[in-house]
Amino acid sequence: THFGYRQIDEQEKAEKVAGVFNRVARRYDLMNDLMSAGLHRAWKAFAATQAAIRKGFKVLDIAGGTGDLALSFARQAGDTGQVWLTDINESMLRLGRDKLLNQGYLVPVVTCDAEQLPFPDNYFDRVSVSFGLRNMTRKEVALSEMNRVLKPGGKLLILEFSRIWKPLQSLYDRYSFSVLPWLGRQVAQDADSYRYLAESIRMHPDQESLLQMLQEAGFVGVKYFNLTAGVAALHTGLKL
Ligand code: SAM
């Protein structure tokens, strides 16, 4: 049946994603810097500014992996705040937890799937996902979970690769389908994972489609910011 086919497809995708992140975890930070020429730091800094976190806020970082966003959030939320670092993959989560500990922040860490968040309704002031939504199998389920755990008036932030400005598309395709796998081979001895990355970027919904998905999941005041000509985009929305 169509449903059966979809199930196998989804399981395959989940397994593939787990494999990729188990393999790349060790070299993840270095690869991020090399691939984006350090730009991912600026994109994350921008997301952290837009999050406008105040002291005492409860913040959930989903697919937090390397802990980059959670670290900025922990700095902003102060001692009275709560920042939860979560990811489906333990190798990635360990990396993030250690990074925060090295900076003097002890945050609660939970291994969980974004499609089934182990948190009560209306709990968080902010929910973020940075470069994680692309890997999720049922994005609409994950988005409605994010909506559920946010407080009314709470803000969702999604940082993700997006659709680059059209005139630069063919140059960018050449970069992502030849330079990325080459870099992956040189640095992480793993061209396949980086070929997967290029494919997943191409398959991901563009700015307007993601905006619509956020609206369908119940978010209001949804908008996006193009970053570096649309290589990445930050989408934000509020829970009613
Ligand atoms: N947020 C970090 C950053 O921006 O550097 C890590 C991003 S990394 C590209 C993507 C992360 O998404 C991985 O750590 C992976 O384990 C996680 N992930 C994939 N599918 C997930 C899911 N269904 N639920 C939660 N995390 C997931």
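Parameters at a glance
- Residues numbered from 1 in each chain as written.
- Predicted model: local features only at pLDDT ≥ 70, side-chain atom pairs only at ≥ 80, totals over all residues.
- Heavy atoms only, no water.
- Phe/Tyr/Trp six-rings, centres within 6.5 Å; stacked < 30°, edge-to-face > 60°.
- Helix = DSSP H or I, 4+ residues; strand = E, 2+ residues; numbered from the N terminus.
- Buried < 20%, exposed > 50% of the residue type's maximum accessible area, 1.4 Å probe, protein only.
- Axes fitted to C-alpha atoms, helices over the stretch in contact; angles between N-to-C directions.
- Parallel < 35°, antiparallel > 145°, perpendicular 65-115°, else oblique.
- Left-handed = near helix turned anticlockwise from the far one by under 90°.
- Contact = heavy atoms within 4.5 Å.
- Nonpolar A, V, L, I, M, F, W, Y, C, P; charged D, E, K, R; others polar.

(A) Summary view of the packing of aromatic side chains. Applying the stated criterion across every chain yields a total of seven aromatic pairs. Pairing Trp84 with Phe119 gives two aromatic rings, centres 5.2 Å apart and planes at 80°, and the pair type is edge-to-face. Here Trp84 is found in strand 2 (residues 82-87), whereas its partner Phe119 is found in the loop between strand 3 (109-111) and strand 4 (124-130), with 35 residues between them in sequence. The pair Trp84 / Phe119 is uniform in exposure class, with both members buried. Taking the centre distance of 4.8 Å and the plane angle of 50° together, the rings of Phe131 and Phe161 count as tilted. A residue pair is termed long-range when its members are at least 10 positions apart, and Phe131 in the loop between strand 4 and helix 6 (139-149) and Phe161 in strand 5 (residues 150-161) qualify at 30 residues.

(B) Summary view of the packing of helix 3 (residues 39-51) against helix 4 (residues 68-77). One can describe the packing of helix 3 onto helix 4 by two numbers: an axis separation of 10 Å at closest approach and a directional angle of 40°. With respect to helix 4, the axis of helix 3 lies oblique. For the pair helix 3 and helix 4, the sense of crossing is right-handed. Counting all contacts with helix 3, which are made through His40, Lys44, Ala47, Ala48 and Ala51, the residues of helix 4 involved are Asp68, Leu69, Ser72, Phe73 and Gln76. Split into classes, the residues belonging to the contact of helix 3 with helix 4 amount to five nonpolar, three polar and two charged.

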